[in-house]
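Each chain, written out:
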2 protein chains.
Amino acid sequence: MTERTGRVICDITISADGYAAGLHQSEERPFGDDGGDGSGDRLHAWMFDTPDENRAEVEQLNTAAAFIMGRNMFGPVRGAWDRPWNGWWGDDPPFHAPVFVLTHHAREPQQMNGGTTYHFVTEGIASALAQARAAADGDGDVTILGGATTINQYLSAGLVDELRLHIAPLTLGAGTRLFEGVPPLRLEQVTSRPASLVTHVTYRVLS
Amino acid sequence: MTERTGRVICDITISADGYAAGLHQSEERPFGDDGGDGSGDRLHAWMFDTPDENRAEVEQLNTAAAFIMGRNMFGPVRGAWDRPWNGWWGDDPPFHAPVFVLTHHAREPQQMNGGTTYHFVTEGIASALAQARAAADGDGDVTILGGATTINQYLSAGLVDELRLHIAPLTLGAGTRLFEGVPPLRLEQVTSRPASLVTHVTYRVLS
């Protein structure tokens, strides 16, 4: 990793009590008991209802050279890949870059339109990061998109440089919580920016 | 409560993972395992190291006509009042108003210098709020200072109008967590303001 120059960034929207998704996630309700219809629309209202106001944060998300996400973020299929599933984002996903999906079940890469290819990694988080760094040519940023469980694993392993939180004005009370089980972290607040439906906070992870 | 005009405000500093204090609180370490010496100095660095930058938030704290706090915030004495204890804040506490302390152990009011009197309430949170409102003359704000356990009780009971959070750049991983056990809340983000060592966020509690 001596040649590493790109950063490892986590970017995630959470409720004021730190949840990235509620309980009881399903194909119909990917965010589970999220205080609305399970679509995550209340958590992500800042992104969809006020895009102009939050353009910088959305564009920042799209500058990564490679992405990582957990199996549960990729889709509702559990266990073997026993039915077709190519993510929640349609034929032309917004990533436009390689996306490394953590899974226990091997699968061939899936090329989508617009530059997105889903790669399925069965060798764990360190391997996914190494592959994503290689895909990012060593000097592009790798962004871990979630869910919280995946980010918590990377935080616990000390592999994260920067944490971009988008804190939405609601609490969920239960679900998948960011920082759950993660040892205490020293953070440096790099930026904090208010918008009408969210507070954006970026931390550098010091230790 | 029809004549109520003052608001009920909770004002508390939390870590990025939502803790107001770490585990193992004691007289020597009132904030327990807080990532430092237990004094809460890292959580509250915004208040003590950068007072000019955060003058508005500190002054806002001092505009309440009455305060409420839990027994654990008031001091380390547990059980009966078997030794002298008049709070962490010396002879001239910064409250300059009546402070209602929730406890299971009756005690006579304790008058301090500068307008602060500690009143000890054994009849629970609703009684403490009624007494604080009466002391606030019905139209002054009542501010609940913490700890998180006390605020969680008021939130769960639907008695809070406004929540002022000061989010510090560290995580504690364990301890007393704001929103723990509180049913989901709909919030409206009233203000959000960045400072160098903290992000201030004020929410109106909608339901």
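Just above sits the structure.
Residues numbered from 1 in each chain as written. Chains lettered and ligands numbered in written order. Predicted model: local features only at pLDDT ≥ 70, side-chain atom pairs only at ≥ 80, totals over all residues. Heavy atoms only, no water.

For this particular structure, what's the right way to read unusual backbone geometry?
Most peptide bonds adopt trans geometry, and most residues besides glycine take a negative phi value. All names here are of chain A. Following Gly 146, the chain continues to Gly 147 via a peptide bond in cis, the omega torsion being -5 degrees. Phi angles above zero are rare outside glycine, and Phe 179 is one such case at about 75 degrees. Its location among the elements puts Phe 179 in the loop between β9 (176-177) and β10 (187-195). Taking the relative accessible area as the measure of exposure, Phe 179 reaches 4% and is therefore buried. (Helix = DSSP H or I, 4+ residues; strand = E, 2+ residues; numbered from the N terminus. Buried < 20%, exposed > 50% of the residue type's maximum accessible area, 1.4 Å probe, protein only.)

Can you help me understand the environment of A:Pro194 in this one?
Examined against the element boundaries, A:Pro194 turns out to sit in strand β10. Sequence separation of A:Pro194 and A:Glu53 is 141 residues, and the distance between their C-alpha atoms is 9.9 Å. Beyond its immediate chain neighbours, meaning those up to four positions away, A:Pro194 contacts B:Ser192 and B:Pro194. (Contact = heavy atoms within 4.5 Å.)

Would you mind showing me how to read the sheet that holds strand β3 (residues 66-70) of chain B here?
By way of backbone hydrogen bonds, the strands of a sheet pair with one another, either parallel or antiparallel. Residues and elements named next belong to chain B. One open sheet holds the nine strands; their spatial order is β5-β6-β4-β3-β7-β1-β8-β11-β10, and the pairing between them is mixed. Pairing within the sheet leaves two strands with one partner each, and these edge strands are β5 (110-111) and β10 (187-195). The sheet contact formed by strand β1 (residues 8-15) and strand β8 (residues 162-168) spans seven bridges and is parallel. The residue of β8 that forms the bridge with Ile 14 is Ile 167. Helix α4 (residues 125-135) rests against β1, β3, β4 (98-102), β6 (117-121) and β7 (142-146) of the sheet, and its axis sits at about 175 degrees to β4. (Pairing = 2+ DSSP bridges. Axes fitted to C-alpha atoms, helices over the stretch in contact; angles between N-to-C directions.)

Got a minute to help me understand the side chain of B:His200 in this structure?
Residues and elements named next belong to chain B. Turning to its location among the elements, His 200 is positioned in strand β11 (residues 198-205). Overall, the relative accessible area of 5% leaves His 200 in the buried class. Those residues in contact with His 200 that lie beyond four places of it in its chain are Trp 46, Asn 54, Glu 57, Leu 165, His 166, Thr 191, Ser 192, Arg 193 and Ala 195.

What is the right way to look at the interface of chain A and chain B in this model?
Interface size is often expressed as the accessible area that is lost when the parts come together. Of the residues lining the interface, 29 residues belong to chain A; the matching set on chain B comes to 29 residues. Of the roughly 2,100 Å² buried between chain A and chain B, counting both surfaces, carbon and sulfur atoms make up 49%. A per-residue breakdown of the area chain A buries against chain B is headed by A:Pro169, A:Thr171 and A:Gln189, which together make up 24% of the total. Connecting chain A to chain B are zero salt bridges. Linking chain A with chain B are 14 residue pairs in polar contact (both at pLDDT 80 or more). Sorting the residues of the side of chain A that touches chain B by element identifies β8 (162-168), β10 and β11 (198-205) of chain A as the ones contributing at least two each. Among the elements that line the side of chain A that touches chain B, the one with the most residues is β10(A), at five residues. In terms of residue class, the side of chain A that touches chain B is built from 19 nonpolar, six polar and four charged. (Buried area = accessible area lost by both parts, 1.4 Å probe. Salt bridge = Lys/Arg side-chain N within 4 Å of Asp/Glu carboxyl O. Polar contact = N/O pair within 3.5 Å; in protein donor to acceptor, adjacent residues only side chain to side chain. Nonpolar A, V, L, I, M, F, W, Y, C, P; charged D, E, K, R; others polar.)

What am I meant to see in the pairing of β7(B) here?
Along any regular strand the residues' side chains alternate between the sheet's two faces. Residues and elements named next belong to chain B. Here β7 lies mainly inside the structure; five of its five residues are buried. Inspection of the sheet shows β1 paired to β7 by three bridges, in the parallel sense. Counted as the bridge partner of Ile 9 is Thr 143 from β7. Pairing between β3 and β7: four bridges, direction parallel. Each bridged residue has a counterpart across the sheet, and for Phe 67 the counterpart in β7 is Thr 143.

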